[in-house]
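# A closer look at the structure
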Amino acid sequence: MQLTIQLAEVFLDHPTGVLSIHQIARKLGIPYGTAYNRVHQMGELGLIDIVPQGKAKLCALNANNPMTASVLATGASQATYRFLREDTLPARIAAHTKLLFEEALGEHLHGAILLNLQAFSRLHDPDTGQVEPAEPVPPPDEEDSDAPSLDMFVILSPCDFPEGRIKTALQTYFPPTLQPRVTHMVVTPSTLAGMLHERENEAGHAAFQMLRKGLILTGFERFFSIVLKAFATRRF
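Just so you know, these numbers come straight off a predicted model, no measurement behind them.

One open sheet holds the four strands; their spatial order is E6-E5-E4-E7, and the pairing between them is mixed. Lying at the two open borders of the sheet, with one neighbouring strand each, are strand E6 (181–187) and strand E7 (215–218). Averaged over all pairs of adjacent strands, the angle between their axes in this sheet comes to 25°, without regard to strand direction. Here three bridges tie strand E4 (residues 109–114) to E7, and the two strands are oriented antiparallel to one another. Within the sheet, the bridge partner assigned to Ile113 lies in E7 and is Ile216. Strands in contact with helix H7 (residues 163–172) are strand E5 (149–156) and E6; relative to E6, the strand with the most contacts, it is inclined by about 140°.

Here it is as structure tokens:
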């Protein structure tokens, strides 16, 4: 299953969403025969479309099969589960944030992504002196302030977003000695699809890569369903 997830995720790194089996094997660092067999297994399941082109075979994820979004969602949910089960301050805040959005927004919520994962993961509680495992420090121009921040990307059906209530609740999840900066970007599913579909200067792919660097807290399959449909036209 893990190889199937990894193979599906390889397509997300490529702007056109189309790869040959040789490219897949090279990107994953696996033998060509292993890639060939798994690609054809996924083709039989309808997860991948395979089109012969000369001696090569071009492959793309099948956006019309709901299982494709499920496979990608499984990989993302595994990463989120590993993060949330850590005994760290960022993990506890993220878990509370996930529950808050699910309870406050209910059926209107299509997905919630924590954007600034790298900086957020370095948070520590000054009262305990506990320092969380550090990630590589980003260049200075990526950090506007020394204050901790929680930057959320929310996919929501049209409704009244209770921004004040949510921001107040989120701030209580931080230790009293930390004064966090909380931001939200709220979009509808159709708006997100439009963002991802934008082709000028590969803006859509750049927007997706920004979201992919974050941590999906909820709405895994819905998010990848939108992504797959937005990129489905960039094929063959």
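Here the narrative resumes.
A separate point is the pattern of salt bridges. Inspection of the entire model under this criterion finds five salt bridges. Salt-bridge contacts for Asp87 lead to Arg92; the nearest nitrogen and oxygen are separated by 3.1 Å. On the basis of relative accessible area, Asp87 is assigned to the exposed category, the value being 62%. A salt bridge links Asp151 to Arg181; the shortest N-O distance between them is 3.5 Å. Pair noted here: Asp151 is in strand E5 and Arg181 is in strand E6, with a separation of 30 residues, a long-range link. Overall, Arg181 belongs to the partly exposed group, its relative accessible area being 38%.

This part covers the sheet that holds strand E3 (residues 56–61). In space, the three strands of this open sheet follow the order E1-E3-E2, with antiparallel pairing throughout. Single-partner strands in this sheet number two, and they are strand E1 (18–20) and strand E2 (48–53). Adjacent strand axes in the sheet meet at a mean angle of 30°, parallel and antiparallel pairs treated alike. Sheet analysis places E2 next to E3, joined by six bridges and oriented antiparallel. Paired with Pro52 across the two strands is Lys57, which belongs to E3. Each of E2 and E3 touches helix H3 (residues 32–44); the most contacted strand, E2, lies at about 120° to it.

What follows deals with the packing of aromatic side chains. Overall, the coordinates contain four aromatic pairs when judged by the stated rule. Ring plane angle 40° and centroid distance 6.0 Å describe the contact between Tyr32 and Tyr36, whose orientation is recorded as tilted. Placement of both Tyr32 and Tyr36 in helix H3 is noted, with a separation of four residues, approximately one turn of the helix. Here Tyr32 falls in the partly exposed class, since its relative accessible area comes to 37%. Judged by centre distance (6.4 Å) and plane angle (20°), the ring pair of Phe208 and Phe223 falls under stacked. Of this pair, Phe208 sits in helix H9 (residues 203–212) while Phe223 sits in helix H10 (residues 220–231), placing them 15 residues apart in sequence. Note on Phe208: relative accessible area 0%, which makes it buried. By relative accessible area, which is 3% here, Phe223 ends up buried.

Parameters and conventions
Residues numbered from 1 in each chain as written. Predicted model: local features only at pLDDT ≥ 70, side-chain atom pairs only at ≥ 80, totals over all residues. Heavy atoms only, no water. Pairing = 2+ DSSP bridges. Helix = DSSP H or I, 4+ residues; strand = E, 2+ residues; numbered from the N terminus. Axes fitted to C-alpha atoms, helices over the stretch in contact; angles between N-to-C directions. Contact = heavy atoms within 4.5 Å. Salt bridge = Lys/Arg side-chain N within 4 Å of Asp/Glu carboxyl O. Buried < 20%, exposed > 50% of the residue type's maximum accessible area, 1.4 Å probe, protein only. Phe/Tyr/Trp six-rings, centres within 6.5 Å; stacked < 30°, edge-to-face > 60°.

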